[in-house]
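Analysis of the macromolecular model
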Amino acid sequence: MKTVSLNGKWKCKADVKNIGIKNKWYNFKSYNVSDNHLMDIEIPKSFNLLKGFENFEGIFWHFNQFELNEEKDINKYDYQIMFKGSNYNTKIWLNGEFLGEHNGGFTPFFLDLTNLIKTRNNNLVVRTKNIREKDQIPSISFDWFNWGGIYRDVELLILHKNRVKDVFIKTKLRTRQQSKIEISYSIIGEVSLKWQILDSSKTDVLYEGTSPERSGKGSFNLTINDPKLWSPNVPNLYYLRIFNNSQKTENLLIFNTYFGIRQIEINGIHIYLNKEKIFLKGASLHEEYMPYGRTIPYEKRKEDVMNFKSLGFNAIRTAHYSHDEALIEITDKIGLLVLEEIPVYQHCDFKNSQTYETAKNMLKELIYRDINHPSVIWWSVGNEVPLHQRNCARFIKKLIDFARELDETRIITCVSRKLIPDLTRKYVNVASINSYFGWYYGHEKMISLILDIIRTPVHNKPWIYTEFGAGAKYGFHVDWNKQRKYSEEKQLQVLDYTIRTINLKEFFSGWFIWNYRDFKSPKRTNKFQEGFNRKGLVSGEKNEKKLAYYRIPKIINVKRKTFNTKIVGIILWIILFPLSFFLFTHIIDYVLKYFESKPDYLNR
Ligand code: GCU
């Protein structure tokens, strides 16, 4: 396969009145440079980074011309266009013909161009729409900025007519000294397959084999003794390449990828990586780095991962959607465990079958993209959805089952904020809790007892404290005894106490600070927020490190000295549960839904 980048100088224009389709803007023969409504845009780039469109939520058309000049015989190959990420609805035309559309802002999608592409003067037209709709994933209300448009790479894929696709590498450990590798694939056309596994420097062929000419699906297994295991501390990688070895195509490379040998397992209330118990420590991160928006340079992503490691973190939660695959390549190479999720966020249209199909497709696109990345250890099918509601629980259960059907080798979960009535905790591999004691409600000193209470009914699996935190405006300081909201001292107090408390709980297998970096959220407009969610360890505008940033490495493994509240928790669960907690969480949900339904935060 060859890829040709279609990044670069494109033209674009807003379609404020939504007249583009009616007026056939897709019949775009060539740049009409006199059309002064056309603006330049350097793809990949969100149209919200264009002057005057900073808060635009609507439709943008993008225009590009490309050549195929290096291809002599155009019929020798198949051709696809790949968008790595375009938000939210994307419609694509080539040479005036409609190719197809995609819903979803965070996973790659592919469209076949084979019958329409020409060697020269290919007119590519892409219409993107980031207007929030009730039946979309995410729905109307979410706590991040709705960056719209083609914000990740666009590539032309030149594919051999006989090739493999959906190559999935699953690694299991019998012991740390012996691993079983299963590699499955689908064949397009006919392939006489030869495979090789090399060391990560691609110099020594360590294992190789062949499989006879065939079509359809195929797989092969091998056992590796004394494997170099992948882990965050020692991120060993291997390299797989596959050739089509038929007479006509001697040793033609048709597939290659790095992969890692590791296994993630659950046993009782603990998580095991490569047969050793592991405790996950990290933070969540939105895909946003100002002034780049979501189109973050590789070096900046690498800098973030290096900072996570320097903080003592061994994991990252890519909230609330999959980030660019470049980040996952970095976490594979540098060594950081990744928790990925799809943006089934809070209140979605759980009764709508089309909404479910959109979520299912996103989950499939994500798993198919990242299944061979050793650093990814978990798929979450949602965040803070009303799991006490039956429609929602059914929707989530179907997604959990679908994820497990695609990939039984990873943790499958749904991140919850439900203290008690969560109808899906029995289906997930790992239970989770988001809660903000000490910030939104209560005091951080309540956490120890709360965790012992909520854990009582779900005592047979690991728990992760998936979100906790407090806002702080960088540079706002008060005396320690003042504890003013949005001061760096208050943030440090909440994080410090919570971390040392969770480290104490033997049924917890990890925690994730919300959030590594402040991020744009137009609903947050008080004088400290200024359009940002301020719970980051670093500021959103200039990455300035707050007090808590320097404290984390010192307490990352520290356990708070206190008495064990486990028995008290069980007793309170028996007394309190039946009514109060149920009502309590319903009331929270109703109040949150009311505030989230506030009028539009972006101009339409
Ligand atoms: C929730 C939610 C986040 C949100 C956070 C907050 O837990 O998962 O998306 O940003 O709370 O209120 O800061």
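Residues numbered from 1 in each chain as written. Predicted model: local features only at pLDDT ≥ 70, side-chain atom pairs only at ≥ 80, totals over all residues. Heavy atoms only, no water.

**Re the sheet that holds strand β12 (residues 154-160)**
Filter applied, for reference: For two strands to be treated as a pair, DSSP must find no fewer than two bridges joining them. Secondary structure elements are defined from DSSP: runs of H or I of at least 4 residues count as helices, runs of E of at least 2 residues count as strands, and each element is numbered from the N terminus. Fitting a line to C-alpha atoms yields each axis, with helices limited to the stretch in contact; the angle taken between N-to-C directions then spans 0 to 180 degrees.
In space, the four strands of this open sheet follow the order β1-β12-β5-β9, with antiparallel pairing throughout. Of all the strands in the sheet, the pair left with one neighbour each is β1 (2-5) and β9 (109-112). Neighbouring strand axes in the sheet, compared pairwise and without regard to direction, differ in orientation by 30° on average. As defined by bridge partners, β1 adjoins β12 across four bridges and the pair is classed as antiparallel. Directly across from Lys2, in β12, lies its bridge partner Ile158.

**What about the packing of aromatic side chains?**
The following threshold applies: Aromatic pairs are defined between Phe, Tyr and Trp rings, using the six-membered ring for Trp, whenever the two ring centres lie within 6.5 Å; interplanar angles under 30 degrees are classed as stacked, those over 60 as edge-to-face, and all others as tilted. Burial classes: relative accessible area under 20% of the type maximum marks a residue as buried, over 50% as exposed, and values in between as partly exposed (1.4 Å probe, protein chains only). Here, over-ring charges are defined by two tests on the NZ atom of lysine or the CZ atom of arginine: distance to the ring centre within 6 Å, and angle to the ring normal within 35 degrees.
Counted according to the given criterion, the structure contains 39 aromatic pairs. Judged by centre distance (5.7 Å) and plane angle (70°), the ring pair of Tyr549 and Tyr550 falls under edge-to-face. What makes Tyr549 buried here is its relative accessible area of 6%. Site record: aromatic cluster; members linked through ring pairs are Phe308, Phe313, Trp463, Tyr465, Phe468, Phe507, Phe508, Trp511, Tyr516, Tyr549 and Tyr550. Geometry around Tyr321 places Arg294 over its ring, the cationic atom sitting 5.0 Å from the centre. We note Lys364 situated over the ring of Tyr368; from NZ or CZ to the ring centre the distance is 5.2 Å.

**Considering the pairing of strand β19 (residues 270-273)**
Examined bridge by bridge, strand β18 (residues 264-267) and β19 share four bridges and lie antiparallel to one another. When the sheet's bridge partners are listed, Asn267 is paired in β19 with His270. With antiparallel pairing between neighbouring strands as the criterion, β18 and β19 make up a hairpin whose turn holds two residues, including Gly268 at a positive phi of roughly 65°. What sits between the antiparallel neighbours β19 and strand β20 (residues 276-278) is a turn of two residues, in which Asn274 has the positive phi angle 55°.

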